[in-house]
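Here are the chains, one letter per residue:
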Amino acid sequence: MNPDRVLSLLGLASRAQKLVLGENFVLEQLKHYPESIIFMASDSGQNITKKVQDKAKTYNITIVRDYSSEELSHALGKEHRKLVLVTDKGFCMKFMEYLNS
């Protein structure tokens, strides 16, 4: 896995508006995007981690916890981002390709 490629692709997906950002919005939108990918910051709190893991298991969503909130925020060009849902199938396939290599 090449972290630079993943974070660059995350920035591209952000500019293409194919992401949902923020805890409440992500939890609300999970049912509309089954089999997608969530990027959760490695420094996320226990409560949100449990909520997201339970919902993700229900909708067969992959969770990636390899990046800190600082790395995710920098890739997105926004501050204090801990939870990101990728909504586009094409981006999800490319992320899986990068993560599995």
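These numbers were taken from a predicted model, which means no experiment stands behind them.

Undergrad: Describe the packing of aromatic side chains, naming the residues involved and giving the relevant values.
TA: Applying the stated criterion across every chain, the model contains two aromatic pairs. Summarising the aromatic geometry, the rings of Phe 39 and Tyr 67 are spaced 6.3 Å apart at their centres and angled 45° between planes, so their arrangement reads as tilted. Of this pair, Phe 39 sits in strand β2 (residues 37-40) while Tyr 67 sits in the loop between β3 (62-64) and α4 (69-76), placing them 28 residues apart in sequence. Since its relative accessible area comes to 0%, Phe 39 is described here as buried. For the pair Phe 39 and Phe 95, a centre-to-centre distance of 5.0 Å together with 65° between the ring planes defines the contact as edge-to-face.

Undergrad: Quick one: what's the story with the nonpolar core, residue by residue and with numbers?
TA: Ranked by size, the top nonpolar core spans 22 residues in total, and within it Leu 10, Leu 19, Phe 39 and Phe 95 carry the most contacts. Those elements that place two or more of their residues in this core are α1 (3-15), β1 (19-21), β2, α4, β4 (83-86) and α5 (89-100). Leaving out residues up to four positions away in the same chain, Phe 95 has contacts with Val 6, Leu 9, Leu 10, Ile 37, Phe 39 and Val 86.

Cut-offs used in this document
- Residues numbered from 1 in each chain as written.
- Predicted model: local features only at pLDDT ≥ 70, side-chain atom pairs only at ≥ 80, totals over all residues.
- Heavy atoms only, no water.
- Phe/Tyr/Trp six-rings, centres within 6.5 Å; stacked < 30°, edge-to-face > 60°.
- Helix = DSSP H or I, 4+ residues; strand = E, 2+ residues; numbered from the N terminus.
- Buried < 20%, exposed > 50% of the residue type's maximum accessible area, 1.4 Å probe, protein only.
- Core = buried A, V, L, I, M, F, W, Y, C linked by side-chain atoms within 4.5 Å.
- Contact = heavy atoms within 4.5 Å.

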